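Coordinate inspection notes
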Amino acid sequence: MRLRLPRPLIQRPRSAAARRYRQLARADEVRPWRAASFAVIDLETTGLDARRDEIISWAVVHVDGGRIPAGGTHYGLVRPRRMPDEATIVVHGILPADLAAAPSPDVAFDELLAAVAGRVVVAHAAWFEKAFLSRAAARRGVRWRSPMIDTSVIGRWWLFERDGYLPRAISLASLTRALRLPRHRPHHASGDALTTAQAFLAIATHLDALHPQTAGTLAAARERVAEIRRLEPPEGYPKPWAQREEPETGAEPEAEPAVEGEPAVVDGAADDAPAG
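Residues numbered from 1 in each chain as written. Predicted model: local features only at pLDDT ≥ 70, side-chain atom pairs only at ≥ 80, totals over all residues. Heavy atoms only, no water.

1. Brief notes about the overall build of the chain
Scanning the chain from terminus to terminus reveals 11 helices and 5 strands. Looking at the chain as a whole, 47% of its 276 residues are labelled buried. Counting contacts in the chain only where the partners sit at least 6 residues apart, residues at least 24 apart contribute 70% of the total. Summed over all atoms, the accessible surface of the chain reaches about 15000 Å², with 52% contributed by carbon and sulfur. (Helix = DSSP H or I, 4+ residues; strand = E, 2+ residues; numbered from the N terminus. Buried < 20%, exposed > 50% of the residue type's maximum accessible area, 1.4 Å probe, protein only. Contact = heavy atoms within 4.5 Å. Areas by Shrake-Rupley, 256 points an atom, 1.4 Å probe, with all protein chains shown as cover.)

2. Considerations on the confidence of the model for the chain
Per-residue pLDDT for the chain averages 86, and the proportion of residues at 70 or more is 83%. In the model of the chain, helix α11 (residues 261–264) stands out as the element of lowest mean pLDDT, 39, in contrast to helix α8 (residues 189–210), which has the highest, 98. A low-confidence stretch, residues 246–272 stays under pLDDT 50, and its non-local contacts, those more than four residues away or across chains, total 39 contacts. (pLDDT = per-residue confidence, 0-100.)

3. Focus on the pairing of strand β4 (residues 120–123)
Of the two faces of β4, the one carrying Val 120 and Val 122 and the one carrying Val 121 and Ala 123 are both buried. In the sheet, strand β1 (residues 37–45) pairs with β4 via 3 bridges, with the strands oriented parallel. Residue pairing across strands places Ala 39 opposite Val 121, the latter belonging to β4. Strand direction decides the pairing type here: β4 and strand β5 (residues 148–150), joined by 3 bridges, are parallel. Counted as the bridge partner of Ala 123 is Asp 150 from β5. In terms of handedness, the path from β4 via helix α5 (residues 126–139) over to β5 forms a crossover that is right-handed. (Pairing = 2+ DSSP bridges. Right-handed = clockwise from strand over helix to strand, strands pointing away.)

4. Some details on unusual backbone geometry
Unusually for a residue other than glycine, Arg 180 sits at a positive phi of about 60°. Its location among the elements puts Arg 180 in the loop between α7 (172–179) and α8.

5. As for helix α1 (residues 16–24)
Among the residues making up α1, those that are buried are Ala 17, Ala 18 and Tyr 21. Seen end-on, α1 carries its buried residues on one side only, within an arc spanning 100°. For α1, the exposed residues lying more than 90 degrees away from the buried face are Ala 16 and Gln 23. For α1, the secondary structure elements touched by its buried residues are α4 (105–116). (Arc of directions from axis to C-beta.)

6. As for the pattern of salt bridges
Taken as a whole and assessed by the stated rule, the structure comprises 12 salt bridges. Here Asp 106 ties to Arg 140 by a salt bridge, and the two come within 3.5 Å at their closest N and O atoms. Of this pair, Asp 106 sits in helix α4 while Arg 140 sits in the loop between α5 and β5, and the two are 34 residues apart along the sequence. Judged by relative accessible area, which is 34%, Asp 106 ranks as partly exposed. With a closest N to O distance of 3.6 Å, Arg 183 and Asp 192 form a salt bridge. Look at Arg 183 and you get partly exposed, because its relative accessible area is 34%. (Salt bridge = Lys/Arg side-chain N within 4 Å of Asp/Glu carboxyl O.)

Here it is as structure tokens:
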């Protein structure tokens, strides 16, 4: 039987950035969300398994005062121990030659820690980012303690408030279509981070109009979504795109318009999985 050794009780930050992150990790979550500071993050990796795959690029977009400030985007490459394979290169377009001169994982992660310190972190399908960030933080002698808001979760909450239907999962592309927002450079860390930041601002604004939101309530949205799921009737929530109006007798049926909710909602966990 394989024994697991307990984690050390005392962690020692291994850099100034790690020390500062530990001091500021728990950002203020009580103030109205527009008064809080956020760091929207996206990672590109060599695969989906945080235990063996590595981060090869990262981006952080700051959101302050309910706005994306000019110059608030931070981006970097990471030199992995093992270069990405051809399948990964096809997805991200990041070549081994691009990574050969990139900073080491420790140096790159210190830059990332400096960009998120003291901020509430936002990501789409945040479980994926958190898995990689937690392991990278442990290597720098700190625990990943930043509160995280998941746009895939608050997006599903917003769709339920709008349509009365709760999708089981929603991709970033589908969410931006539902919000009628542009998508910037898919599968590029800075492009996806900017897209996620815009989606976050739109969703938080919509939810705040219904009930005043704080950074804390948005970070705790998973509990609200779980409650909605528990209350789902046996026949399921009504699907808005399945509701059709009967045409008047004798009238020619009109072409059914595309329903905004349908292409944006996907009841499958795979739709929520990052490309890696």
